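Understanding the architecture of this molecule
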Amino acid sequence: MIERYREFLPVSAATPVISLGEGSTPLIQCPRLSERVGRSCEVFVKNEGVNPTGSFKDRGMTVAVSKAIEHGTKALICASTGNTSASAAAYAARGGIPCVVILPAGKIATGKLLQAFAYGAKIVAIDGNFDDALQIVRELGATGDFAIVNSINPDRVAGQKTAAFEIIDEMGDAPDFHLLPVGNAGNITAYWIGYREFLAGKKSTRLPAMIGFQAAGAAPIFHQRIIEKPDTIASAIRIGNPASWKQACAAIVESGGAIDVVSDDEILASQIWLAQHEGIFVEPASAASIAGLFKACNSGRAAYSFQEIPDGSRIVCTVTGHGLKDPDIVLQRMRELKPVAATITDVQRAIGLWQPPVISSEVEISRET
Ligand code: F0G
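Overview of the environment of A275
- Looking at where A275 falls in the secondary structure, it is placed in helix 11 (residues 264-278).
- Taking the C-beta count within 10 Å as the criterion, A275 has 15 such neighbours and is therefore assigned partly exposed.
- In this structure the C-alpha to C-alpha distance between A275 and A287, which are 12 residues apart in sequence, comes to 9.9 Å.
- Setting aside anything within four residues of it in sequence, one finds A275 in contact with I280, F281 and G323.

Dropping the structure here:
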């Protein structure tokens, strides 16, 4: 990714590029989501879950880790709700430096914790939430022993803005609306920088309205106050005091966008809807942008109603992380699989296709095979 957008990134010939082939993620045209919006509007999903460690964090991490190593850093440190730690651990391994991750105990999705272990990070779980972990990381970073690779590091944000570049490069211009989940608010900040930079460089002719979605139980920006005990099933965005709060507000106001909330039920329903209607399986936090799209279409409760948007508007929803990272909730809903006998009839019956045998059935089967 650094090579693709080198001229827009804070790198030079002296920067060792630590990459795992991140970025250039698919922008998927979604007919069924488009139908939900109607009036010839087109909805695209930017699927960041297909990055090397399964989330958008890799875009920022390749730059942050490359720069940290260029500066002679001895070790990396981050606080995380899961994805940043997985990404930092992977890029640290790739760069050959140690990585410490500070996590809220018991609040990290299984797949993400597993990744941090597998990549060999030093993992410290604290009895506290993400905001407590980030405070500790800020203090440890100030000792000079570590490079912080959270999005308070501008190199992370610089890397993440490339997602906006890719969208413009692919669509030929910026979309009219950009919807995304908001947690620590680094990503909405990064996209807005990216969109503005390409407009200034005449690579696009317009800016999208940025519409961010927080989980209802973890919505400090929406409520305009710190949430002491943020709570949501979408553990990635369980954050009560976002580091890039001000920048997120600026992006929303300057772009004529909005900040809104979606409930856990809406998030989970959208996660399954997207998987079953568009074939894109994302983690719950990522489904907040889809839940938000549905809410915007249902003008009654939405901070931004799509009822008035022009026909043919183009809408991009970023989905930030892969569904396999957080399997526990879907697992709970899966019915137990009881094996059936290994015969065609039993398998057909299990599929729900079974019909009483008729004389021509053998002919039908042999024709199909
Ligand atoms: N979606 C996912 C899957 C995330 O992991 C995060 C943040 C967000 C959305 C929100 O992005 O913080 O830039 O507003 N995860 C961080 C982490 C906090 O530690 O992995 P944001």
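So, the sheet that holds strand 3 (residues 76-79)
- Ordered in space as 5-4-3-6, the 4 strands form an open sheet in which the pairing is parallel. Two strands bound the open sheet, and with one partner strand each, they are strand 5 (122-126) and strand 6 (147-148).
- As paired elements, strand 3 and strand 6 share 2 bridges and run parallel to each other. Bridging from a neighbouring strand, L76 pairs with A147 of strand 6.
- Set on the sheet, helix 5 (residues 130-142) makes contact with strand 3, strand 4 (99-104), strand 5 and strand 6; between it and strand 3 the angle comes to about 155°.

Some words on the confidence of the model for the protein
- Per-residue pLDDT for the protein averages 94, and the proportion of residues at 70 or more is 96%.
- Counted against residues more than four places away or in other chains, residues 361-369, with its pLDDT under 50, gives 0 contacts.

Remarks on helix 2 (residues 57-70)
- Its 14 residues place the ends of helix 2 20 Å apart at the C-alpha level, agreeing with the 20 Å of an ideal helix rising 1.5 Å per residue.
- Once helix 2 ends, the next one or two residues include G72, with phi positive near 80°.

Some remarks on helix 4 (residues 110-118)
- For helix 4, the set of buried residues is G111, K112, L113, Q115 and A116.
- Buried residues along helix 4 sit against helix 3 (83-95), strand 4 and strand 5.
- With its phi angle positive at about 85°, G120 sits one or two positions after the end of helix 4.

Overview of the pairing of strand 4
- When you tally the buried positions in strand 4, you get 6 out of 6 residues, the bulk of the element.
- The two faces of strand 4 match: C99, V101 and L103 on one face and V100, I102 and P104 on the other face are all buried.
- The sheet contact formed by strand 3 and strand 4 spans 4 bridges and is parallel. Residue pairing for strand 4: A79 is matched across the bridge by I102.
- Between the parallel elements strand 3 and strand 4, the chain passes through helix 3 in a crossover that is right-handed.

A look at the site of the ligand
- Within the structure, the ligand sits among 22 residues, and S80, G183, N184, T320 and G321 are positioned closest to it.
- Among the secondary structure elements, those contributing two or more residues to the shell around the ligand are helix 3, helix 8 (186-200) and helix 12 (284-297).
- When its residues are assigned to classes, the shell around the ligand shows 6 nonpolar, 14 polar and 2 charged.
- Lining the shell around the ligand are residues from two domains, each supplying at least three of them: domain 1 (6-55 + 156-329) and domain 2 (57-153).

Things to note about the environment of Q348
- Structurally, Q348 is set in helix 14 (residues 344-351).
- Once the C-alpha coordinates of Q348 and A251 are considered, the two residues, 97 residues apart in sequence, prove to be 54 Å apart.

Some thoughts on unusual backbone geometry
- A positive phi angle is found at R39, which is not glycine, with a value near 45°.
- Its place among the elements puts R39 in the loop between helix 1 (31-37) and strand 2 (42-47).
- Even without a glycine there, the phi angle at Q224 is positive, about 60°.
- Looking at the secondary structure, you find Q224 in the loop between helix 9 (220-223) and helix 10 (245-255).
- The exposure class assigned to Q224 is exposed, which follows from the 10 C-beta atoms found within 10 Å.

Some words on the packing of helix 7 (residues 162-171) against helix 8
- Two elements in contact, helix 7 and helix 8, have axes whose closest approach is 7 Å; the angle formed by their N-to-C orientations is 50°. The angle between helix 7 and helix 8 places the two elements in the oblique class. Like other packed secondary-structure pairs, helix 7 and helix 8 cross with a definite hand, here right-handed. Here T162, A163, A164, F165 and I168 of helix 7 come into contact with helix 8, specifically with Y191, G194, Y195 and F198.

Observations concerning the sheet that holds strand 8 (residues 209-215)
- Strand order in the open sheet formed by 6 strands is 1-2-10-7-8-9, and the pairing between neighbours is mixed. Taken across any chain shown, the strands that pair with only one partner, and hence form the sheet edges, are strand 1 (27-29) and strand 9 (258-262). Averaged over all neighbouring strand pairs, the angle between strand axes comes to 25°, with direction disregarded.
- Strand direction decides the pairing type here: strand 8 and strand 9, joined by 5 bridges, are parallel. The residue of strand 9 that forms the bridge with F213 is D260.
- Along the sheet, helix 7 makes contact with strand 1, strand 2 and strand 10 (314-319), crossing strand 10 at roughly 140°.
- Of the strands in this sheet, strand 2, strand 7 (177-181), strand 8, strand 9 and strand 10 are in contact with helix 12, which crosses strand 7 at around 135°.

The rules behind these values
- Residues numbered from 1 in each chain as written.
- Predicted model: local features only at pLDDT ≥ 70, side-chain atom pairs only at ≥ 80, totals over all residues.
- Helix = DSSP H or I, 4+ residues; strand = E, 2+ residues; numbered from the N terminus.
- Buried ≥ 20, exposed ≤ 12 C-beta atoms within 10 Å, placed from the backbone.
- Contact = placed C-beta atoms within 7 Å.
- Pairing = 2+ DSSP bridges.
- Axes fitted to C-alpha atoms, helices over the stretch in contact; angles between N-to-C directions.
- pLDDT = per-residue confidence, 0-100.
- Expected span 1.5 Å × (residues − 1).
- Right-handed = clockwise from strand over helix to strand, strands pointing away.
- Near = placed C-beta within 6 Å.
- Nonpolar A, V, L, I, M, F, W, Y, C, P; charged D, E, K, R; others polar.
- Domains from an automatic or database assignment.
- Parallel < 35°, antiparallel > 145°, perpendicular 65-115°, else oblique.
- Left-handed = near helix turned anticlockwise from the far one by under 90°.

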